[in-house]
Structure formats: C-alpha cells, structure tokens
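# Close look at the chain arrangement
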Amino acid sequence: MKLKIRTGFGYDVHQLQEGLDFWLGGIKIPHTHGALGHSDADVLVHVICDALLGAANMRDIGFHFSDKDPQYKGIDSKILLKEVVHLLAREGYEIGNIDSTICLQEPKVNPHIPEMKACLAKVMGIPEHDISIKATTTEHLGFVGKKEGVAAFATVLIIKQ
Ligand SMILES: [Zn+2]
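Residues numbered from 1 in each chain as written. Predicted model: local features only at pLDDT ≥ 70, side-chain atom pairs only at ≥ 80, totals over all residues. Heavy atoms only, no water.

## Section: the environment of A152
By the secondary structure assignment, A152 is in strand β7 (residues 149-160). On the basis of relative accessible area, A152 is assigned to the buried category, the value being 0%. Measuring from C-alpha to C-alpha, the distance between A152 and I48 comes to 9.2 Å, with 104 residues separating the pair along the chain. (Helix = DSSP H or I, 4+ residues; strand = E, 2+ residues; numbered from the N terminus. Buried < 20%, exposed > 50% of the residue type's maximum accessible area, 1.4 Å probe, protein only.)

Okay, here's the thing in structure tokens:
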C-alpha cells in the first residue's frame, strides 16, 4: 500500500546586518541587526516553505520564487508561504505538522514564539498546535555564535487527501 504521508526537511541561513528590520517567523523582532536577503529574509518562513516543497517533491523556494526576479525584491515571505501551501493543496496535500528550530545567538527568540506560531498558523490556515518552533544559541560557536548570521531547520509531515 502506498503511504499517504510524506516528510520534508528545510535548512536556510541569512547574514545579519546592522540597521535592517529583523523579520523572523512572520513577525518583526526588535533588534539592532536584521537578516539580509532578496526578500524580507525571514529564515524560519523560508525553511518551512522548503520543507513543505521538499515533502511534495516540488523543488525548493528558489525554484518557485527566484531571487533574481525583481517582483520578489523585499517581498513579505508570508506571501510566498501562502503560495506554497496553495501549490501543495493543488496536488492534494494538506499539512500534518511542522517542527522547527531557529539558531540565533541574540536576541532571545523564546518570548516571541507564541506570536510567531499564531501568525504562521493564520498564514497556513492550520491550528497553532500543529506548528512547533524551538530556538537555540550555538554557545558562541560558529557564524551563529559570532552573531554573523541566523540559521533555521524545519521538518514537516504532509498528508495526501
Ligand atoms: Zn532564505
């Protein structure tokens, strides 16, 4: 019997630069630095997009929304996430659950997690209970620890209707 569930995985990194807005998990985090990218550089939204697309074997975020395309310059990544959910729905997939981890030395992400979950649940049209967001520092090691960048990972389960 063919399985009706599929898993997907996403990984992404963005540089941090002083003076930029810091979009993370669909919301703006107060901080001196923000993530650099062609879009709003929301690393958590990007890994969720990649994990969902990967689960459906539909390539990745850069394939669907090229960072060379001026129409995506500075775009709110939530718009891309909404489109990814539509692309999957068209293939008959709905989201089971999402688990994710943000790697960031500072600021503390934990106080913002409830707001991120509420925001992303609304964008994807799924219950907050189906989105897990975790955060960790890297104990001052590597580019995350040296505050040069932010990284994130996500796994998802999707269900074929
Ligand atoms: Zn990205």
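## Concerning the coordination of the zinc ion
Those protein atoms acting as donors to the zinc ion are D12 (OD), H14 (NE2) and H46 (ND1), and they sit at 2.0 to 2.1 Å. All donors of the zinc ion belong to a single chain; written as a sequence motif, their spacing is D-x1-H-x31-H. For the residue pair D12 and H14, the accessibility class agrees, reading buried in each case. (Donors = N, O, S within 2.8 Å, 3.2 Å for Na, K, Ca; no water.)

## Some remarks on the pattern of salt bridges
Tallied over the full model, the rule gives six salt bridges. K68 is the salt-bridge partner of D67, the closest N and O atoms lying 3.0 Å from each other. For D67, a relative accessible area of 48% translates into the label partly exposed. In this structure K68 comes out as exposed when scored by relative accessible area, which is 68%. With a shortest N-O distance of 3.2 Å, D76 and K78 are connected by a salt bridge. Among the residues examined, D76 registers a relative accessible area of 28% and is labelled partly exposed. (Salt bridge = Lys/Arg side-chain N within 4 Å of Asp/Glu carboxyl O.)

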